[in-house]
Amino acid sequence: MAGETATKTSDWRIDFAGAQPPVATPRHTRRVIHGRVLDDPYEWLAAKNWREVLRDPETLPDDIAALVKAENTHCDRVMAPLATLRETLVAEMRGRIKEDDSDVPDPDGPFSYYERYHPGAEHPRYCRTPREGGAETILLDGDALAKGHDFFDIGNAAHAPDHAQLAWSVDDAGSELYEIRTRALSDGVDRADVVGDADGSIVWRADSKAYYYVLIDENHRTSQVFRHDVGTDPVDDTLVIEELDGAWFIGLHESRCRRFAIVTIHGHDATECWLIDLRTANPAPRIVTPREPRLRYDVEPLGDLLHIRNNADGADDFRISVAPLAAPGRENWKEVVHHRHGAMIDSFTVYARHLVWLLRENSLPKIVIRALSSGDEHAIDFEEEAYALSIDPGFEFDTDILRFVYSSMTTPDETYDYDMNARTRVLRKRQDIPSGHDPKNYVTRRLFATAGDGEIVPITLLHRADFTPGGDGAPLLLYGYGAYGYALSAGFNEDALSLVDRGFVYARAHIRGGTEKGWRWYEDGKLAKKRNSFTDFIDCARHLISTGYTKEGGVVAQGGSAGGLLMGAVVNEAPELFAGIIASVPFVDTLNTMLRDDLPLTPPEWLEWGNPVASVDAYDRLASYSPYDNVRAQYYPPILAIAGVADPRVTYWEPLKWVAKLRAAMSGGGPVLLFTHMGAGHAGASGRFEALEDTALEYAFALACAARVFKDANHVA
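Residues numbered from 1 in each chain as written. Predicted model: local features only at pLDDT ≥ 70, side-chain atom pairs only at ≥ 80, totals over all residues. Heavy atoms only, no water.

## Thoughts on the pattern of salt bridges
Applying the stated criterion across every chain, the model contains 48 salt bridges. For K429, the salt bridge goes to D101, with nearest N and O atoms at 2.9 Å. In this pair, K429 sits in strand β30 (residues 424-430) while D101 sits in the loop between α3 (83-94) and β3 (106-108), placing the two residues 328 residues apart along the sequence. Ionic pairing is found between E573 and R632, a salt bridge with its closest N-O pair at 3.8 Å. In this pair, E573 is assigned in helix α8 (residues 562-573) and R632 in the loop between α11 (616-625) and β37 (635-636), connecting sequence segments 59 residues apart. Assessed through its relative accessible area of 42%, E573 is described here as partly exposed. The network of salt bridges with shared partners includes E455, R520, D524 and K529. (Salt bridge = Lys/Arg side-chain N within 4 Å of Asp/Glu carboxyl O. Helix = DSSP H or I, 4+ residues; strand = E, 2+ residues; numbered from the N terminus. Buried < 20%, exposed > 50% of the residue type's maximum accessible area, 1.4 Å probe, protein only.)

Okay, here's the thing in structure tokens:
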């Protein structure tokens, strides 16, 4: 079936019952909360010095570090028979990456800016050329700067308005604590004044003499906006905005017109925006409208007006309003793009003569454009059954060209420049797959599963064109997330072809907790309704089984972060459905984490999961599904968990505790494996090729799981 990627199925079979795993000694702690006894045998695996560990993973206490390393050794030993397969997968996936890939240049004044790679490079170069063509200048060489670092992530590279300076931010530990440096582009040498503990965002003042940034506090929360004067000591930086409530985060970006820095203070159900005039040396920030419970809004200035995407007055799927810039309070908001239930305005942007928004309806996105002078409105249409869209607003405001990116499960990324007046598009770049890719060899479908309560749950899937559902079907990887209102993309994933070309069906379940079907879809998958996410995923798996795409026990389920919580919950509830579980940085110790208000994400996320400290109902609800707390004496399929010691979002100890408890409680099945990055965080390895090692580990595991269930090489070949 898979042509050149065909391999003997026996090459994927390993002795899952062979090596003996490490054993974490239980050290029981008992707490009484709301009259309930909470017994945690592995609480000791959570390092007391976790803040220090985020900054320097080498400070992990010796007993915990020894167990983490033993888990890595065990994982390596079990997966050793698949070493050749993993090498093949890495080579295959690397073959789909254009080694000297580059962005479409983005014009800004006299220059065009872009990122590009040179062959073999893990990290990009940030470059520019004169707008009308000419010699390239390398502003920042990511690969050269990354030498000597196990982890290296450039968060932002922002050229100043005068085009003579660059500010850039870097995280070299994986903990998402960035340093900001500046350099004159005339010599490319970084200055001595380095700002630390920032979130990576940078907004230059219009005179190019200072920039704004967000500081991260000791609990790893974004809590303050500062202004730094270039060339001065950061200890003298000016505090501009401060948020003292740990349940709120601060974000910072530049307005499209470049007149303002926009500060967004946001929780899980509300926002508050402030404007900082970038043309003034020491401006007082101006609030748009004060925060209110459940009022979410974001803004873009345009001339004397402020455009506001908002959910006020029951507009759950958002409307766009305008208000005078001089008096932007909610009482002055006037609707200009109407709200429609089920047609969610995901995002919007403004240009000098156009208003543009991304609309999601029936789980499919589309771009809508309105000419500001006439009010004429049109949408950009696409033909495929399922696809993904994103808008790239670019640097320039006074332009009639909109750049967007289109892809589908079969179609690699296509970057277009669209003339909003002429309504014509020009293809600027098609993602190159050097090893070859013919979309006609694949089929993407949109299916719909009926949930237990009657809701219709979309599924996007990809398989080879020569596969026909029926009988036992084929091994199937089912990916899910379902949290925070994040809409799971139906876009191209070149890595997944390594599974599909070996006979897999690759599917994504658009379960409740995301916004694929509007804001209601999100609300129906959080707090008291969180279980809908889990049952939706299980119902999607059963639908794919009943329609002949796979068989019971033939699904490899995959999810990360909050999707890892999903993995832990569904394998507790319906282990018989799954050939294997892949849980990346999984949020599986849900109850204990939500009881700890010192952790970075806990207070902000009480509105997503519930506050078990203050509410007995929230405690009982979390206790009923928290994967770690619901491990039981039953069969579990093979499980692979992946973690990062420097992860500030899902701490390393969540999967470490979960794996220990699974092994101690399960009555059969397995194995349960854990691999932890000792020098990386939530996103895993930072280099574009290094990251393939993680994917190869996951896919080799998936193939080994499938080989146990599908003995016939015609199914997995």
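## Structural notes on the pairing of strand β15 (residues 249-254)
On a regular strand, one side chain projects to one face of the sheet and the next to the other, so that they alternate. Pairing analysis gives 6 bridges linking β15 to strand β16 (residues 260-266), with the strands arranged antiparallel. In the sheet register, L252 faces β16, and the bridge partner there is V263. What sits between the antiparallel neighbours β15 and β16 is a turn of 5 residues, in which R258 has the positive phi angle 70°. (Pairing = 2+ DSSP bridges.)

## Looking at the sheet that holds strand β36 (residues 578-584)
Within the open sheet, the 8 strands sit side by side as β31-β32-β34-β33-β35-β36-β38-β40. Their pairing is mixed. Edge positions in the open sheet fall to β31 (442-450) and β40 (672-677), since each of these has one partner strand only. Neighbour-to-neighbour, the strand axes of this sheet turn through a mean angle of 20°, independent of strand direction. As defined by bridge partners, strand β38 (residues 639-644) adjoins β40 across 6 bridges and the pair is classed as parallel. Within the sheet, the bridge partner assigned to I642 lies in β40 and is F675. Against the sheet, helix α2 (residues 62-79) touches β38 and β40, its axis set at about 120° to β40. (Axes fitted to C-alpha atoms, helices over the stretch in contact; angles between N-to-C directions. Contact = heavy atoms within 4.5 Å.)

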